[in-house]
Structure formats: structure tokens, C-alpha cells
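# Examining the three-dimensional arrangement
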Number of protein chains: 2
Amino acid sequence: MKKVTVHAFAGVGNLVCGFDVIGMALHAPYDVIDMELTEEPGIRIKHTDAFGLPENPGENIIGICLQAMTKAVNKPIGFKVTVQKNIKPGSGLGSSSASCAGAVVAANALLDNRFSKNELVEFALAGEIVASGGKHADNIAPAIFGGITIARPTDPVDIISLPVPSDLFVAIVHPQIEVKTADARKILPTEISMKTGVNQWANVAGLVAGIYTDDKNLIGRSLQDHVAEPYRSKLIPGYDAVIKKSMEAGALGGGISGSGPTMFMLCETEAIAAAVETCMQEVYQELKIDFKTYVTSINPEGVKIVSSE
Amino acid sequence: MKKVTVHAFAGVGNLVCGFDVIGMALHAPYDVIDMELTEEPGIRIKHTDAFGLPENPGENIIGICLQAMTKAVNKPIGFKVTVQKNIKPGSGLGSSSASCAGAVVAANALLDNRFSKNELVEFALAGEIVASGGKHADNIAPAIFGGITIARPTDPVDIISLPVPSDLFVAIVHPQIEVKTADARKILPTEISMKTGVNQWANVAGLVAGIYTDDKNLIGRSLQDHVAEPYRSKLIPGYDAVIKKSMEAGALGGGISGSGPTMFMLCETEAIAAAVETCMQEVYQELKIDFKTYVTSINPEGVKIVSSE
């Protein structure tokens, strides 16, 4: 194999109570990465999107991930990469993770899959750290493994794949304002009260139990975040209205995706998700803020190889 | 039914990372409570044990739970209670919860099971709050429901029963020193760092996932407490040695039971649990501190009615 094309999917990190730990992969949107293995060493990156990301491999997170990988391979190889990003950077939909995960999975395919998925997570984290300012695999892990994952912040990261509940739809709204991950992190307190902590891990326990038992009600009532959402929600105009109207329209629960400004709501049927999407649209039309909405579902697969030669 | 005898089992609260939230019921030790329904109103309590607990129902936690229940029944009834406590108060083995859970389950049997288990938890909490200084159902919930439970601290408490992993044995050591729950609570910080919190709920997520998938290794490596054990372990002579030697003897993991001084270790076989018990005995023999040890297992049932007439 000399050339490969992959789809790298958006995802929801900080799955509400699972701050920095639990995330899930989505079916849409997704980036497209073409990669070619070259005998000539070096990494060449070209973006066909209009996001203005740096193409210098030392400044591009794809370059940083591939540099970490080539260092581990320890023989002269190079990569020629063409990236069409469709997941807007700074959206909260795991844009940087999609870039990093897509790059390492594509490169691994070109290297005869010499690395395990767990090893790929470590390479991808090299780029993710630069993008987000912290070593958190809550987006990288589902981007590579698919589905819903727990990423215990050990060294190396301990990844646990959870079952994907049946019939769960995801309504998403991305108001077109930028919230930088690093800024959204700065706004958080460095300390939380023990009581807040207890509430948080009680919800995490409930969420994981609800996922294993496919108990939608339990999933819904456990989707409460006490540590980040009270702060980050202030950066997102329309947050309260989106949550309130979505719940009234029948959503199970939801919150901020990643560090925002995207919000997502889990719904038991596609019809409810569509109704929730309408509510989301109404909120931002009224606020006169541009937005994008999606109705999608949890993607049981991670980065997908769509062609190779 | 006019008379009933129940066994109310010990349990492990604060299941390591599941501080204030996750607990499990054990097969041993257990208290024996005889209860008689009387037409004459009032609650009479007699202890046949030697722990010197108050028998005045306004000061005895069994009395407090039964007062809450009789108030809800709203007709003139009384209870005559004889209690043989075998779970030493202040042991960290859920002694107060056993009293409260045993009392409300026995009374409910005498009242034709008019209350649900969830309602019984609320009555039992009336006593538990007095004993522990906080409204936490991590011991009450498994004492009533059996097995391993999550108790989300909502109002009313949201209890989720987890599956009981196969072949899990519990080695327990109770050094004969007293650590009062209220004192063990005072020693804890009221604030924790966000980083500590993330580590804690990552472990909770791993523990719950390990329990659902019967993955002993995952259960073991998730049994790390970052919020209470670093402080409370200082109140327990021999703590470090017990943990170290137990792990060397093959335990999966463990920690302080409740607020201590009892420690417990989960083990994959009865033989490993016996070897761990020997290590525990050696530690306290060397320290010249009296102790009790048990090798037991997770009790899938809560309070058990053993006879009625």
C-alpha cells in the first residue's frame, strides 16, 4: 500500500459529566485525509480547506503526530498529506482529534499496521496536546477506537470501549462563534468542592451504568456536569435556551460538546432529534447568530479507510 | 406477621474511588435484629451486645429510623426491638447502616411490605445521617438492595444496582482502634484540585465498566482513591504495609472500608484471599495491635428475613 484515503470523524469530548475522560465518535461531520508514503524523508502537508491552518509540519498537528510516528519507526520515510477539513477548528466537535487520529491511522495503514490502536493514541496525543493545551484522550480515543470510550489519564492512557446504546440519535448545533480550547480551559476553576466532586463521579457512575444496561432514562439523568458547564456555558450565547427547549422537545440530556461552542443533545428517536434540531435553529435565528446543525448518531467505528492503492 | 428476625450484613462503603457513592454488601459479619409489632405505640429497643449503645429510641439510630417510618404510617403502632450487634460501631464496616437497614426492612415486613426498597432507603438515611454526619447512601443502599450499588446523591437518592462480578473474594482486616465516621470526615479537605477530580471519576468510570464486563484487571487498576485515602490512611497504623503486602500476595486492589480503620482487598480466588488475610494478620501482630480478619464475599442480597411468625 502506497496511498490511502481516510475519513476522520467528529466526536463529542467531555461527555458532560465525563469531563476530560469520556467521549464518543459521531458519523458526521468528517475530515478527509489522503496520505502517500514516500521514500524521500520529510512530511509535506497541504490543506484543501479554507481554515488557514499552517502547512509547516512543525506547526501543523498532523505534522507533529507524524513526526512522533516516524521517530518510532526509525528508518527514513516520508509522508505526503492532503487534508480536507470539514470539522471547523475550535468548534468543540473534536476537530484537532480528527486531524491527529486520521493522520496516525492513515500512516499506520501505510506502515502495514505495525502499531496497535493504543500506540496510535499516544502518537495522536502528541498533536492533541499542542492543540488543546492538555493531555486528555477523551476525543482522541473515540476518534481511533470508535463508539464511546473511557480514557483513564494514566501513562500510557488506559482506554476502555463501552457498548454503544441502541437507537440513540444526536442533535448538534454549532453556533458560528469561536471558543478556543485553551481559552475554555483557562476559564475553569483549578479547584472544586468535594461535594461537587461527589456529584460528578456519581453522575459518571450512573452514565457508565446506563450505557451498559442501555437504560436511556439513566443516561439522561446522569448527563449533568457540575465542573465545567457552569463556567463554559457563559461563553455560549443561547446555551440556556437550547438546553431548556431541547429537553421540552423530548431530548434525554446533553450539554456542551468538548469545550464548546457546539452543543449536543442525545435523543431516543430520529424524530425527536429532528424536533430538537428545529429548536436549536430557532434559538440562533432569534439571536441572529449563524449556526450549523446536524442530526447524526454514534459511530461505532473510528477513523475509516475508504480507499487504498 | 407479628414477629420477625433479620440478619443485617456488614458492607464496604466509599468503595475506594467511589467515595460517598459506591458500596457493596458482604456476607459477614452481620447483626441480628428481632422485631415485634405492638399495638401499643412507642419504640422499645434492647441491645444484647456489649457495645454500650443508647437504648433510648430518640438517641438510638434504629429508634430514629423507626420513628420516621411510624410517622409515615400515620396510625398508632409500636415496635419492640432486640438487637445483637456483631458489627462493631466505628469499624468502617457499615455498622450504623446495618442497624438502620435491618430495622427498616424488619419493620416493613411487619407492615406487609407497604414501602418500596427506595422508600426504605430514605427512612434508613434518617438514622444514618445522625451516625455519620452526612446524607450518603453508599452503605445504606447495598445494605438494603444487596450486591454493589451506585447511590446518586439526589433527593430522593437514585440507586442503581450493579451486577456482582463472579468469583470475587474479600479479605478484611479490622484493627481494633476506633475511627469515628464524623472524625474521619473532618480530616478530609473541602476542596480538591480539578486534576484530582478527573483522576477520580476516570477511576469510577473504569470501576463501573470493570464490574459490568467482569474484567477483574480493570476493577483492580481502577481501585485508586485520590480524595480520601491519602488523608484517612494516616489514621490507620499499618495501612501502607497492608496494601503493599496484599498486592504482593495477589490481591486485585482495595483500600479503606467506609471511613476506616477496616481495610478490604478484593481477590480473584479464595486461596488468594486467605493468603492476603495472613499478610494482614502479620502486619498487626508485628504492630502489636489487636485485630479481626474475615474472608468473605459480596452478598447479592440485602437484609435477610430469617424467621417470622
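Residues numbered from 1 in each chain as written. Chains lettered and ligands numbered in written order. Predicted model: local features only at pLDDT ≥ 70, side-chain atom pairs only at ≥ 80, totals over all residues.

With that out of the way, let us pick up the relation of the copies chain A and chain B. When chain A is fitted to chain B, the best match, at an RMSD of 0.0 Å, comes from turning it 180° and sliding it 0.0 Å along the axis. Taken together, the rotation angle and the small translation identify this as a two-fold axis. Residues of chain A ranked by C-alpha distance from the rotation axis are headed by Trp-201 of chain A, positioned 2.4 Å from it. The overlap is high: 100% of the interface residues of chain A also sit at the interface in chain B, so the same surface is used on both sides. (Least-squares fit on C-alpha atoms with pLDDT ≥ 70 in both. Contact = placed C-beta atoms within 7 Å.)

With that settled, consider the sheet that holds strand E10 (residues 263–267) of chain B. All names here are of chain B. Spatially, four strands are ordered E9-E10-E7-E11 in an open sheet, and the strand pairing comes out antiparallel. Every other strand in the sheet has two partners, leaving strand E9 (253–256) and strand E11 (291–297) as the edge strands with one partner each. Strand-to-strand, the axes of this sheet are offset by a mean angle of 15°, without reference to chain direction. Relative to E11, strand E7 (residues 169–175) runs antiparallel, the two sharing seven bridges. Bridge pairing in E11 places Val-173 opposite Thr-293. Packing of helix H10 (residues 270–287) onto the sheet brings it into contact with E7, E10 and E11, and relative to E7 it is tilted by some 15°. (Pairing = 2+ DSSP bridges. Helix = DSSP H or I, 4+ residues; strand = E, 2+ residues; numbered from the N terminus. Axes fitted to C-alpha atoms, helices over the stretch in contact; angles between N-to-C directions.)

When the parts come together, some accessible area is lost, and that loss is often what is quoted as the size of the interface. Residues and elements named next belong to chain A. Parsing chain A into structural domains produces domain 1 (3–161 + 299–308) and domain 2 (169–297). The straight-line distance from the C-alpha centre of domain 1 to that of domain 2 is 24 Å. Contacts between domain 1 and domain 2 engage 22 residues on the former and 31 residues on the latter. When grouped by side-chain class, the residues that make up the side of domain 1 that touches domain 2 number 10 nonpolar, 12 polar and no charged. (Domains from an automatic or database assignment. Nonpolar A, V, L, I, M, F, W, Y, C, P; charged D, E, K, R; others polar.)

Okay, the interface of chain A and chain B next. Listed per partner, the contact involves 32 residues of chain A and 32 residues of chain B. Looking at the side of chain A that touches chain B, the elements that each hand over two or more residues are strand E5 (148–152), strand E6 (158–162), strand E8 (191–193) and helix H6 (194–213) of chain A. The biggest single contributor to the side of chain A that touches chain B is H6 of chain A, with 14 residues. Of the residues in the side of chain A that touches chain B, the class split is 21 nonpolar, eight polar and three charged.

Moving on, we get to the sheet that holds strand E7 (residues 169–175) of chain A. Across a sheet, strands are paired by hydrogen bonds formed along the backbone, either parallel or antiparallel in direction. Residue and element names in this part refer to chain A. The sheet built from four strands is open, its strands ordered E9-E10-E7-E11 with antiparallel pairing. Across the chains shown, the open sheet's two edge strands, defined by having one partner strand only, are strand E9 (253–256) and strand E11 (291–297). Adjacent strand axes in the sheet meet at a mean angle of 15° when their direction is disregarded. Here helix H10 (residues 270–287) sits on the sheet and contacts E7, strand E10 (263–267) and E11; the angle it forms with E7, its principal contact strand, is near 15°.

Turning our eyes to something else, we now look at the packing of helix H1 (residues 61–73) of chain A against helix H3 (residues 117–132) of chain A. All names here are of chain A. At a closest axis distance of 7 Å, the pairing of H1 and H3 adopts a crossing angle of 145°. Crossing hand, H1 versus H3: right-handed. Taken together, the residues of H3 that come into contact with H1 (itself represented by Ile-61, Ile-62, Ile-64, Cys-65, Ala-68 and Met-69) are Phe-123, Ala-124, Ala-126, Gly-127, Val-130 and Ala-131. Within the contact of H1 with H3, the residues separate by chemical class into 11 nonpolar, one polar and no charged. (Left-handed = near helix turned anticlockwise from the far one by under 90°.)

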